[in-house]
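# Close look at the chain arrangement
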Amino acid sequence: MKSHIKIGKYNTLKVGRLVDFGAYLDGGDGTEVLLPAKYITEPLKPGDEVRVFVYTDSDDRPVATTEHPYATAGEFAFLQVNDVNRYGAFLDWGLIAKELLVPFSEQRAKLARGMVVPVYVYLDDNTKRVVASCKIEKFIGNTIPYYKRGFKVKALVYDRNEVGYKVIVDNLHHGIIYENELYKPLVIGTTVDAYVKHVRPDCKIDLLLHGGDDHRVDELAEAVLDRLAGEPGGYYPLTDSSSPEAIKAAFACSKKDFKKAIGSLYRRRLITIHDDGIKLVTE
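Quick look at the structure, then. Just so it is clear, the model here is predicted, and its values are computed rather than measured.

Another aspect to go through is the sheet that holds strand E17 (residues 271-273). Sheet architecture is open: three strands sit in the order E16-E18-E17, paired in antiparallel fashion. The two strands at the open ends of the sheet, each matched to only one other strand, are strand E16 (235-236) and E17. Where E17 lies against strand E18 (residues 278-280), three bridges are found, and the strand directions are antiparallel. Within E18, the position partnered with Ile271 by the bridge is Leu280.

Read once around its circumference, the closed barrel built from five strands follows the order E11-E12-E13-E15-E14, with strand pairing classed as mixed. For this sheet, the mean inter-axis angle between neighbouring strands, taken without regard to orientation, is 50°. Taken together, the four bridges between strand E14 (residues 191-199) and strand E15 (residues 205-208) define a ladder with antiparallel strand orientation. Looking at the pairing, Val199 lines up with Ile205 of E15.

Further remarks concern the packing of aromatic side chains. The description of an aromatic ring pair uses the distance of the two centres, along with the angle that the planes make with each other. Applying the stated criterion across every chain, the model contains 10 aromatic pairs. Between Phe251 and Phe258, the ring centres sit 5.7 Å apart and the planes meet at 25°, which makes this aromatic pair stacked. On the accessibility criterion, Phe251 (11% relative accessible area) is buried. A residue is classified by how much of its surface remains accessible, and Phe258, at 0% relative accessible area, is buried. Within the aromatic cluster, the residues linked to one another by ring pairs are Phe76, Tyr120, Tyr122 and Phe139. Over the ring of Tyr10 we find Arg51; its NZ or CZ atom is 4.2 Å from the centre of that ring.

Time to look at helix H3 (residues 255-267). Counted at 1.5 Å a residue, the expected span for H3 with its 13 residues is 18 Å, and the 18 Å between its end C-alpha atoms agrees. What H3 keeps buried is the set Asp257, Phe258, Ala261, Ile262, Gly263, Ser264 and Leu265. In the segment just after H3, Arg269 is the residue with positive phi, at about 60°.

We now examine the side chain of His174. For His174, the position within the fold is in strand E13 (residues 173-178). Take His174: its relative accessible area is 17%, and that puts it in the buried class.

A few words now on the environment of Lys98. Locating Lys98 in the fold gives a position in the loop between strand E7 (88-91) and strand E8 (100-103). As a C-alpha pair, Lys98 and Arg17 span 81 residues in sequence and 24 Å in three-dimensional space. Separated by 3.0 Å, the side chain of Lys98 and the backbone oxygen of Thr56 make a polar contact.

Moving on, we come to helix H2 (residues 244-251). Among the residues making up H2, those that are buried are Ile247, Ala250 and Phe251. Around the axis of H2, the buried residues are gathered within 70° of arc, so they sit on the same side. The exposed residues of H2 that point more than 90 degrees off its buried face are Glu245 and Ala249. Downstream of H2 by one or two residues, Ala252 has phi in the positive range, about 50°.

This brings us to the side chain of Thr72. Looking at the element boundaries, Thr72 is found in the loop between strand E5 (62-65) and strand E6 (76-85). Thr72 gets classed as buried once you look at its relative accessible area, which sits at 8%. Setting aside anything within four residues of it in sequence, one finds Thr72 in contact with Gly8, Tyr10, Phe53 and Val121.

Analysis parameters
Residues numbered from 1 in each chain as written. Predicted model: local features only at pLDDT ≥ 70, side-chain atom pairs only at ≥ 80, totals over all residues. Heavy atoms only, no water. Pairing = 2+ DSSP bridges. Helix = DSSP H or I, 4+ residues; strand = E, 2+ residues; numbered from the N terminus. Axes fitted to C-alpha atoms, helices over the stretch in contact; angles between N-to-C directions. Phe/Tyr/Trp six-rings, centres within 6.5 Å; stacked < 30°, edge-to-face > 60°. Buried < 20%, exposed > 50% of the residue type's maximum accessible area, 1.4 Å probe, protein only. Lys NZ or Arg CZ within 6 Å of the ring centre and 35° of its normal. Expected span 1.5 Å × (residues − 1). Polar contact = N/O pair within 3.5 Å; in protein donor to acceptor, adjacent residues only side chain to side chain. Arc of directions from axis to C-beta. Contact = heavy atoms within 4.5 Å.

Here it is as structure tokens:
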């Protein structure tokens, strides 16, 4: 039977045998993977299945853990440099017993302790070890995106240019969120939900942080209701006659969307609109 262990990924493996210092999991083809006792979170018996993350130790032996790394093989993440030595830089991977190596050949510039850098995590074909690369561009855009307009994706914000924010879409594709379509800045290193606006001929993807006008206005309406519920008397001094600047400061939206949102709430008889503000209907 061929080993089916995926190094650098989550695996569901059966318990083969128990020992004082942990459990040996069946990796197929006679391969056993140690799950140290400190990572066993519930009683196990032979034959039980357990979901674990598998990496290799300093002797290249597969080891299992129930911890969750910040990124698995095939994913991008922003990680902090814990140490630098003659082998390269070692990153905080989220695992107690294992740091993630960035070889010098995979560094854009010299890394130093404390730096937080974007990296791609992958299984090196030659060493069969999980490593990371700071040269992330070579790992993006290597497959053709087949997305329709409005499709929801995960977008990791990794850089900013003159028109907006560069993002990595679903750990695969180049994307951009244009600054003129945002009402507040994005934070580099965060992952956001986004929606496909357009897939360009060069396979880069234009994204929005909302799924279209209706979706955006519905979310804004809910935000207005939440704000009113937290205000004394359910009242807030803002109307569709207020300045665009005041509306943007309060709800990070355009005046046009705000007018649509409170109009919808008024028609649903959830608020009343006054000369100097809006009020939650409580009866």
